[in-house]
Amino acid sequence: MKQNFTKILLFLCLISASLILKAQNPLEKTISFSIKNQPIDSVLHLIEDITGSPFSYSNNILNNKEIISIKIKNKTVEEALGKIFKDKKLNFLNVDNHIVIKREN
């Protein structure tokens, strides 16, 4: 009986850990914000503040001073980034709770 209880408890702990790890993916977090005439680096800093996850990217990929206006409402971070960088061929990855931006291959 005690052995079955231990197995069930271990199973529940593994399921809980799996759900927590999935929830930690910053690209899956839902965000909302509105930006008007701001440089892209300000938008990325805002997303960092909302998610608690920093961005990593090469400076030759993005023009940080490009001015944008955008309204994001109840979108995942990945969807928001897709809208922000809609004309650029970029991929967004979660690496150790960092949002990595890189060019599509």
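As a reminder, the structure under discussion sits directly above these lines.
Each value, and the rule that gives it
Residues numbered from 1 in each chain as written. Predicted model: local features only at pLDDT ≥ 70, side-chain atom pairs only at ≥ 80, totals over all residues. Heavy atoms only, no water. Salt bridge = Lys/Arg side-chain N within 4 Å of Asp/Glu carboxyl O. Helix = DSSP H or I, 4+ residues; strand = E, 2+ residues; numbered from the N terminus. Buried < 20%, exposed > 50% of the residue type's maximum accessible area, 1.4 Å probe, protein only. Axes fitted to C-alpha atoms, helices over the stretch in contact; angles between N-to-C directions. Parallel < 35°, antiparallel > 145°, perpendicular 65-115°, else oblique. Contact = heavy atoms within 4.5 Å. Nonpolar A, V, L, I, M, F, W, Y, C, P; charged D, E, K, R; others polar. Polar contact = N/O pair within 3.5 Å; in protein donor to acceptor, adjacent residues only side chain to side chain.

For the structure on display, the rule yields two salt bridges. Between Asp-41 and Lys-65 there is a salt bridge whose closest N-O contact spans 3.0 Å. A residue pair is termed long-range when its members are at least 10 positions apart, and Asp-41 in helix α2 (residues 40–51) and Lys-65 in the loop between β2 (55–56) and β3 (67–76) qualify at 24 residues. Classification of Asp-41 by relative accessible area gives buried; the value is 15%. The exposed category is assigned to Lys-65, whose relative accessible area is 57%.

This paragraph deals with the packing of α2 against helix α3 (residues 77–84). At a minimum axis distance of 12 Å, the contact between α2 and α3 shows a crossing angle of 175 degrees. Judged by the angle between their axes, α2 and α3 are roughly antiparallel. On α3, the residues that touch Val-43, Leu-44, Ile-47 and Thr-51 of α2 are Val-77, Leu-81 and Ile-84. Here the contact of α2 with α3 is composed, by residue class, of six nonpolar, one polar and no charged.

Our next topic: the side chain of Asp-41. Polar contacts involving the side chain of Asp-41 include one to the side chain of Lys-65, which spans 3.0 Å. Aside from chain neighbours lying at most four places away, what touches Asp-41 is Asn-64 and Lys-65.

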